[in-house]
Amino acid sequence: MLRDAAELGGRILLSSLFVLSGLSKIGAYAATVGYMSAMGVPGALLPVVIATELLGGVAIAFGWKTRVTAFLLAGYTVLTALLFHNNFADQTQMIMFLKNVSIAGAFLLLTVNGAGRFSLDGKSR
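Residues numbered from 1 in each chain as written. Predicted model: local features only at pLDDT ≥ 70, side-chain atom pairs only at ≥ 80, totals over all residues. Heavy atoms only, no water.

(A) Representation of the nonpolar core in the model. Counting 17 residues, the largest nonpolar core has M36, I60, F107 and L110 as the members making the most contacts within it. Listing elements by their share of this core, those giving two or more residues are α1 (2–27), α3 (46–62), α4 (66–84) and α5 (91–113). No other element matches α4, which puts 5 residues into this core. Setting aside residues no more than four positions away along its own chain, F107 makes contact with L14, F18, I60, A70, L73, A74 and T77. (Core = buried A, V, L, I, M, F, W, Y, C linked by side-chain atoms within 4.5 Å. Buried < 20%, exposed > 50% of the residue type's maximum accessible area, 1.4 Å probe, protein only. Helix = DSSP H or I, 4+ residues; strand = E, 2+ residues; numbered from the N terminus. Contact = heavy atoms within 4.5 Å.)

(B) View of the side chain of E53. Secondary-structure assignment places E53 in helix α3. Dropping the residues within four chain positions of it, E53 is found in contact with F18, V19, S21, G22, K25 and Y76.

(C) Structural view of the side chain of H85. Relative to the helices and strands, H85 resides in the loop between α4 and α5. We classify H85 as buried; its relative accessible area is 12%. Polar contacts involving the side chain of H85 include one to the side chain of Q93, which spans 2.8 Å. Aside from chain neighbours lying at most four places away, what touches H85 is T80, Q93, M96, F97 and N100. (Polar contact = N/O pair within 3.5 Å; in protein donor to acceptor, adjacent residues only side chain to side chain.)

(D) Spatial organisation of the pattern of salt bridges. The full count for this structure, using the stated rule, is 3 salt bridges. One salt bridge connects D4 with R117, and the closest N-O pair in it is separated by 2.8 Å. In this pair, D4 sits in helix α1 while R117 sits in the loop between α5 and α6 (120–123), placing the two residues 113 residues apart along the sequence. Accessibility expressed as a relative area gives 12% for D4, which makes it buried. Across the salt bridge formed by K25 and E53, the nearest N and O atoms sit 3.2 Å from each other. Separated by 28 residues along the polypeptide, K25 in helix α1 and E53 in helix α3 bring together distant segments of the chain. Here the two residues K25 and E53 agree in accessibility, since each one is buried. (Salt bridge = Lys/Arg side-chain N within 4 Å of Asp/Glu carboxyl O.)

(E) Representation of the packing of aromatic side chains within the structure. As enumerated under the stated definition, the model contains 3 aromatic pairs in all. Arranged with centres 4.9 Å apart and planes meeting at 80°, the rings of F88 and F97 form a pair that is edge-to-face. (Phe/Tyr/Trp six-rings, centres within 6.5 Å; stacked < 30°, edge-to-face > 60°.)

Spatial relationships are all this shows, so hold off on functional conclusions.
Now the structure itself:
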C-alpha cells in the first residue's frame, strides 16, 4: 500500500511541474515566444511545447500510457536543458540544467517501472 501511494504521489508531484508550466506559457504567450526566439528556438513551436507539457503532465498524473509518455518526456526534458540551460558559467543555469536532468531520471524510472497500481495503466491489467 505504501508503494502504491508513493507511486501515485510521485507521479502527481512530477506532473505538476509540467501542467503548471504549460498553463503559465499560455498566460505569458508573447513573452514565452520572445524567450524561445532569443534562445534560437522558433516561437512557432510554442503550441507543441504547451501541448507536450499539459497533455504529458496529465497523462503522467493519471498514469495513462505512462511508459511511453515518460520516455518521451525524459527526452523533452533533456532537450530543454540543452537548449535553455546550457550556460554553465552561470550557477543558476547549471542548477536548472541539473534539475532537468534529474527530472529526466525520474521519467526513465517511470519508463522502466510503469505507473503502479493506482493508475489508469494499472486498472487495465
